[in-house]
Amino acid sequence: MKTPIIVPRQSEAWSCGPASVVTAGRLLGLELAEQQLIVELESKPITGTSNSVIAAWCKSNLPVKSVGERTYVGGLAIWNIKNAISGNGHFVVVLGERGSVIRYYDPYWSRVLQLKKELIDFRSGDNKLHGWSINFETIENFYDAILIPDMEFNDVWALNSLRSWLSKTQAYNPDDYR
């Protein structure tokens, strides 16, 4: 993929699910709106978005290959991971993997991150789901996709928290976050 895709930064602390669906949809060529998906996915403050609701919506509207625990085999997907800072569940869009490195878009940070797979806490915030993902049918490789956030990243506290956490990983490059 060489054409840059404009992707959303989640508009609310709890809207990572809708923002991840918008991002996956845009990569698949669809124009979706986060605010509409917040309503359709029944996303709420504190609880966010249910895995079952987001999965059902995606199955009805996007080319889904599989959904569930330990079903990821590469390519474009939405993962439910544990947020390293808050400990809550968090949806991100996986663009692909090369070797042991996962490249994903995080709608909270509005950044593409590359981390070794073993450094990602691939379980839901309540620890009930392990390795849960929505996996999309696609022939395109999105690992090298160019994603352009549609909002400026200006939250200094969040950026410093991200730098602190990433500095503990082997995939951190400080020049990427200046």
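Residues numbered from 1 in each chain as written. Predicted model: local features only at pLDDT ≥ 70, side-chain atom pairs only at ≥ 80, totals over all residues. Heavy atoms only, no water.

**Here's the deal with the overall build of the chain**
Of the regular secondary structure elements, the chain holds four helices and eight strands. Split into buried and exposed, the 178 residues of the chain put 46% on the buried side. Within the chain, counting contacts between residues at least 6 apart in sequence, those at least 24 apart form 62% of the total. For the chain, the exposed area adds up to about 8900 Å²; of that, 50% sits on carbon and sulfur atoms. (Helix = DSSP H or I, 4+ residues; strand = E, 2+ residues; numbered from the N terminus. Buried < 20%, exposed > 50% of the residue type's maximum accessible area, 1.4 Å probe, protein only. Contact = heavy atoms within 4.5 Å. Areas by Shrake-Rupley, 256 points an atom, 1.4 Å probe, with all protein chains shown as cover.)

**A short note on the pattern of salt bridges**
Counting across every chain of the model gives four salt bridges. Across the salt bridge formed by Glu97 and Lys117, the nearest N and O atoms sit 3.9 Å from each other. One end of the pair, Glu97, is in strand 4 (residues 89-98); the other, Lys117, is in the loop between strand 6 (111-116) and strand 7 (132-136), with 20 residues separating them in the sequence. Residue class for Glu97 comes out partly exposed when judged on its relative accessible area of 28%. (Salt bridge = Lys/Arg side-chain N within 4 Å of Asp/Glu carboxyl O.)

**Here we look at the packing of aromatic side chains**
According to the stated counting rule, one finds four aromatic pairs in the structure shown. Both rings, one in Tyr72 and one in Trp79, keep their centres 5.1 Å apart while their planes meet at 90°; by these two values the pair is edge-to-face. Of the two residues examined, Tyr72 and Trp79, each falls in the buried class. Each ring, one from Phe91 and one from Trp132, has its centre 6.2 Å from the other, and the planes form 65°; the classification is edge-to-face. Of this pair, Phe91 sits in strand 4 while Trp132 sits in strand 7; the two residues are 41 residues apart in sequence, bridging distant segments of the chain. The same class applies to Phe91 as to Trp132, namely buried. One aromatic cluster in this structure is built from Tyr72, Trp79 and Phe122. A cation over an aromatic ring shows up here: Arg103 above the ring of Tyr143, its NZ or CZ 6.0 Å from the ring centre. (Phe/Tyr/Trp six-rings, centres within 6.5 Å; stacked < 30°, edge-to-face > 60°. Lys NZ or Arg CZ within 6 Å of the ring centre and 35° of its normal.)

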